[in-house]
Amino acid sequence: MTTTERPLALVTGASSGIGYAMAAMSTRGTGKILFTSSVAALTPGPFEAVYAASKAFLHSFAEALRNELKDSGVTVTSLLPRPTDTEFFERAGKEDTRVGSGKKDDPAEVARQGFDALMKGDDKVVAGSFVNKVQGVAGRITPDTAKAAMHRRMAEPGKGGTSPAGDE
Ligand SMILES: NC(=O)c1ccc[n+]([C@@H]2O[C@H](COP(=O)([O-])OP(=O)(O)OC[C@H]3O[C@@H](n4cnc5c(N)ncnc54)[C@H](OP(=O)(O)O)[C@@H]3O)[C@@H](O)[C@H]2O)c1
């Protein structure tokens, strides 16, 4: 699969595959579902436009399902990690970007925050350090055009090396 096809496969896979699990949990009257979205869902994503759009889909999908299932005993949680220290950037060939070469969150801590939110039945969690969470709140009042420009700086190929981590 190409880098464009992969996120799109995720979109179709999530929306078609989740139905069976949801129906089973709903019949049982209990269950918890966690979608791994990304803070990339909250901003336009130049140089990874399909990826960011697929993560926006997943986040919206999770929130909508959560509402549909609100009286069923099933909760749906959306996990929105910031840049995290996994093999993600290497696999995506993005090590030469600012975000790829910048500081990242500890994957164990991100996983713990996602698990805690899932167990509590929260609708979403922006995972990562306190500074990351503050940046996440600031992002809510930043215009999309400005967020796109910021994302561009972080994700543009060949610009890695100096900046701290940004949206991913
Ligand atoms: N790292 C970040 O900065 C970051 C930030 C926000 C959101 N996320 C999201 O977090 C999720 C996990 O990414 P990661 O950072 O852990 O990346 P990663 O280190 O590259 O790991 C990806 C994992 O997905 C598995 N995988 C890939 N394609 C698969 C498939 N078709 N079927 C089943 N498993 C498959 C891989 O399994 P194999 O090892 O067997 O190939 C691997 O365990 C992704 O949805 C990503 O979008 C990551």
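Okay, so let's go over this structure. (Residues numbered from 1 in each chain as written. Predicted model: local features only at pLDDT ≥ 70, side-chain atom pairs only at ≥ 80, totals over all residues.)

### Re the sheet that holds strand β2 (residues 74-80)
Strand pairing in a sheet relies on backbone hydrogen bonds. The paired strands run either parallel or antiparallel. Here we have three strands laid out as an open sheet, ordered β1-β2-β3, and parallel in their pairing. One side of each edge strand has no neighbouring strand; the edge strands of this open sheet are β1 (31-36) and β3 (124-126). For this sheet, the mean angle separating the axes of adjacent strands, direction not counted, is 20°. Sheet topology places β1 next to β2; six bridges connect them, and they run parallel. Looking across to β2, one finds that K32 is bridged to T75. Docked against the sheet, helix α1 (residues 5-28) engages β1 and β2, running at close to 160° with respect to β1. (Pairing = 2+ DSSP bridges. Helix = DSSP H or I, 4+ residues; strand = E, 2+ residues; numbered from the N terminus. Axes fitted to C-alpha atoms, helices over the stretch in contact; angles between N-to-C directions. Contact = placed C-beta atoms within 7 Å.)

### Let's talk about the site of the ligand
Close to the ligand lie ten residues; S38, P81, T86, E87 and F88 are nearest. Here the shell around the ligand is composed, by residue class, of three nonpolar, four polar and three charged. (Near = placed C-beta within 6 Å. Nonpolar A, V, L, I, M, F, W, Y, C, P; charged D, E, K, R; others polar.)

### Remarks on the nonpolar core
Grouped together as the largest cluster of nonpolar side chains are 18 residues, with contacts concentrated most on V39, A41, L79, L80, V125 and A127. Counting residues per element, this core draws most heavily on helix α2 (residues 49-68), which supplies five residues. Apart from residues lying up to four places away in sequence, L80 is in contact with S37, S38, V39, A41, H59, K124, V125, V126 and A127. (Core = buried A, V, L, I, M, F, W, Y, C linked by C-beta atoms within 7 Å. Buried ≥ 20, exposed ≤ 12 C-beta atoms within 10 Å, placed from the backbone.)

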